[in-house]
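Below are the chains, spelled out letter by letter.
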Amino acid sequence: MNDIIKRKIILDCDPGHDDAIAILLAAGNPSIDLLAITTVGGNAGVTHTTRNALQVCEVANIPHVPVYRGCSDPLVRKGETAAEIHGESGMEGPVLPEPTRSAEKEHAVDYIVRTLLASEGDITLVAVGPLTNIAMAMRKDAAILPKIKEIVIMGGGTFGNWTPAAEFNIYVDAEAAKVVFDSGVPIVMMGLDLTHQASATGEVAEQIAQIDTPAGRLVNDLLIFFRKTYQDMFDIADPPVHDVCCIAYCIDPTVVECKHYRVDIETKGELTYGMTLVDRHNVTGLAPNVQFAYKLDHSKFWGLVKDALAAL
Ligand SMILES: [Ca+2]
């Protein structure tokens, strides 16, 4: 077997049901080198999301991957959580034991800055929560910008899921999203247009229920809870596992198809705060700044997830 060149990633997340599956996919696929997990307030407060990340790491059997706790609140606005979707703890449903280790002492933003500065420009940031930590790191030391290989973001879209205009991650901290989208760093955006194709259909759920590993059982429990809240909140029968698309892309970019568009973030709109303006017809004439993913290979995507769960 040829040596695999692993893709180095830092996963910035707010677990979160789909975040948890993203961690498991990153841990269970041999082509990902998961350097660290950094946490942020989002689906739940950062104390909860950090604890959830540590619990998932135990199931994923990655005791060597450090977890750094990040920002509790957005740059400017008051924090908002998604208890309606993820429960009060951010990851209701599965019953997991208390984590046996703690988060690292260093703050996530300091870790991101330090690690990028020491790198050879070969680290991808995967951001699947509000963009507060990433924006703070960019603000703290702009010298990190040329060091970032790519930022793969779950956020935004041409429609909303938290307001009619805005997707949750961007809405929670649109000022941070603006910093990131205006940074000039290569961005791949997995918005709702793409992630709603990552649906856990009944067939997929049945296949996952057959995977008799700790990770398989955890995802089965996560999907049972997620299916119910998506049905109740959005009348969507098959819940989309948004965040997982970002890791799948890092493993195999051909799992999605992208178009290069200009995307700007609304931070002032009375009704449209947090909207991502996707300039599909280049009416602004501005240079594209985002690879906008619009089409997912559903079968290839779930194949990656199932292989990882079986391997863990
Ligand atoms: Ca998330």
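Let us look at the structure shown here.

Thresholds, definitions, all that
Residues numbered from 1 in each chain as written. Predicted model: local features only at pLDDT ≥ 70, side-chain atom pairs only at ≥ 80, totals over all residues. Heavy atoms only, no water. Donors = N, O, S within 2.8 Å, 3.2 Å for Na, K, Ca; no water. Helix = DSSP H or I, 4+ residues; strand = E, 2+ residues; numbered from the N terminus. Buried < 20%, exposed > 50% of the residue type's maximum accessible area, 1.4 Å probe, protein only. Contact = heavy atoms within 4.5 Å. Pairing = 2+ DSSP bridges. Axes fitted to C-alpha atoms, helices over the stretch in contact; angles between N-to-C directions. Salt bridge = Lys/Arg side-chain N within 4 Å of Asp/Glu carboxyl O. Core = buried A, V, L, I, M, F, W, Y, C linked by side-chain atoms within 4.5 Å. Arc of directions from axis to C-beta. Parallel < 35°, antiparallel > 145°, perpendicular 65-115°, else oblique. Nonpolar A, V, L, I, M, F, W, Y, C, P; charged D, E, K, R; others polar. Patch = residues over 30% accessible without salt bridge, like charges linked within 9 Å, V, L, I, M, F, W, Y side chains within 5 Å. Areas by Shrake-Rupley, 256 points an atom, 1.4 Å probe, with all protein chains shown as cover. Phe/Tyr/Trp six-rings, centres within 6.5 Å; stacked < 30°, edge-to-face > 60°. Lys NZ or Arg CZ within 6 Å of the ring centre and 35° of its normal.

So, the coordination of the calcium ion
By definition of the ideal shapes, four donors in a tetrahedron about a metal sit 109.5 degrees apart, and six donors in an octahedron sit 90 or 180 degrees apart.
Move 1: Those donors, Asp14 (OD), Asp19 (OD), Asp19 (OD), Val128 (O) and Asp243 (OD), are the protein atoms that reach the calcium ion, and they lie 2.3 to 2.6 Å from it.
Move 2: Mapped onto the sequence, the residues coordinating the calcium ion show the spacing D-x4-D-x108-V-x114-D. With Val128 in the loop between β4 (123-127) and α5 (132-140) and Asp243 in the loop between α10 (214-234) and α11 (244-251), the pair connects residues that are 115 residues apart, well separated along the chain. Exposure class is identical for Val128 and Asp243. Each is buried.

Some points on the environment of Val65
Move 1: Structurally, the position occupied by Val65 is in the loop between α2 (46-60) and β3 (67-69).
Move 2: Judged by relative accessible area, which is 2%, Val65 ranks as buried.
Move 3: Spatially, the C-alpha atom of Val65 lies 20 Å from that of Gly121, the residues being 56 residues apart in sequence.
Move 4: Ignoring any residue separated from it by four or fewer positions in sequence, one finds Val65 in contact with Leu34, Leu35, Ala36, Ile37 and Arg101.

Side note on the sheet that holds strand β8 (residues 276-279)
Move 1: Here nine strands make up an open sheet; going across it, the order is β3-β2-β1-β4-β5-β6-β9-β7-β8 and the pairing mixed. Unpaired on one side and paired on the other, β3 and β8 mark the two borders of the sheet. The sheet shows a mean angle of 30° between the axes of neighbouring strands, direction not considered.
Move 2: In this sheet, strand β9 (residues 290-296) lies alongside strand β7 (residues 256-265) in antiparallel orientation, the contact comprising six bridges. Bridge pairing links Glu257 to Lys295 in β9.
Move 3: Where α11 meets the sheet, it contacts β1 (7-13), β2 (32-39), β4, β5 (148-154), β6 (187-190) and β7, and its direction lies at approximately 145° from that of β5.

A look at the pattern of salt bridges
Move 1: A complete count under the given rule lists 13 salt bridges for this structure.
Move 2: A salt bridge links Asp232 to Lys228; the shortest N-O distance between them is 2.7 Å. Within this pair, Asp232 and its partner Lys228 are both found in helix α10, separated by four residues, close to a single helical turn. One exposure class covers both Asp232 and Lys228, and it is exposed.
Move 3: Close ionic contact of Lys295 with Glu257 constitutes a salt bridge, the shortest N to O distance being 4.0 Å. Here Lys295 is found in strand β9, whereas its partner Glu257 is found in strand β7, with 38 residues between them in sequence.
Move 4: It is possible to trace a salt-bridge network through shared partners that takes in Lys178, Asp182, Arg262 and Asp264.

So, the nonpolar core
Move 1: Ranked by internal contacts, the top residues of the largest apolar core, which has 60 residues, are Leu25, Leu34, Ile37, Val126, Met190, Ile247 and Phe301.
Move 2: At eight residues, α11 tops the list of elements feeding residues into this core.
Move 3: Formed by 41 residues, the second largest nonpolar core is a distinct cluster that contains Ala135, Ile148, Ala166 and Ala176.

So, helix α9 (residues 202-209)
Move 1: By the burial criterion, the buried members of α9 are Val204, Ala205 and Ile208. The buried residues of α9 occupy one face: seen down the axis, they fall within an arc of 100°. Opposite the packed face of α9, turned more than 90 degrees from it, sit the exposed residues Glu203 and Glu206.
Move 2: Buried positions along α9 lie against α10 and α12 (298-311).

A look at the packing of helix α1 (residues 17-28) against α12
Each pair of packed helices can be summarised by the angle the axes make with each other and by the distance between the axes.
Move 1: Packing of α1 against α12 leaves a shortest axis separation of 8 Å and a crossing angle of 75°. Considering their axes alone, α1 and α12 lie roughly perpendicular with respect to each other. Where α1 abuts α12, its residues Ile21, Leu24, Leu25 and Gly28 lie against Leu304, Val305, Ala308, Leu309 and Ala311.
Move 2: Of the residues that constitute the contact of α1 with α12, the class distribution is eight nonpolar, one polar and no charged.

Some details on a nonpolar patch on the surface
Move 1: A contiguous nonpolar surface patch, about 250 Å² in accessible area, is contributed by Leu75, Val76 and Met136.
Move 2: When you line up the elements, Met136 lands in helix α5.

Considerations on the packing of aromatic side chains
Move 1: As enumerated under the stated definition, the model contains seven aromatic pairs in all.
Move 2: Geometrically, the ring pair formed by Tyr261 and Phe292 is tilted, given 5.6 Å between the ring centres and 50° between the ring planes. Here Tyr261, found in strand β7, pairs with Phe292, found in strand β9; they are 31 residues apart in sequence, far enough to count as distant.
Move 3: We classify Tyr261 as buried; its relative accessible area is 12%.
Move 4: Under the relative-accessibility criterion, Phe292 is labelled buried at 4%.
Move 5: Through a chain of ring-to-ring contacts, three or more aromatic side chains come together here, namely Phe226, Tyr230 and Phe234.
Move 6: The side chain of Arg77 reaches across the aromatic face of Tyr273, ending 3.6 Å from its centre.

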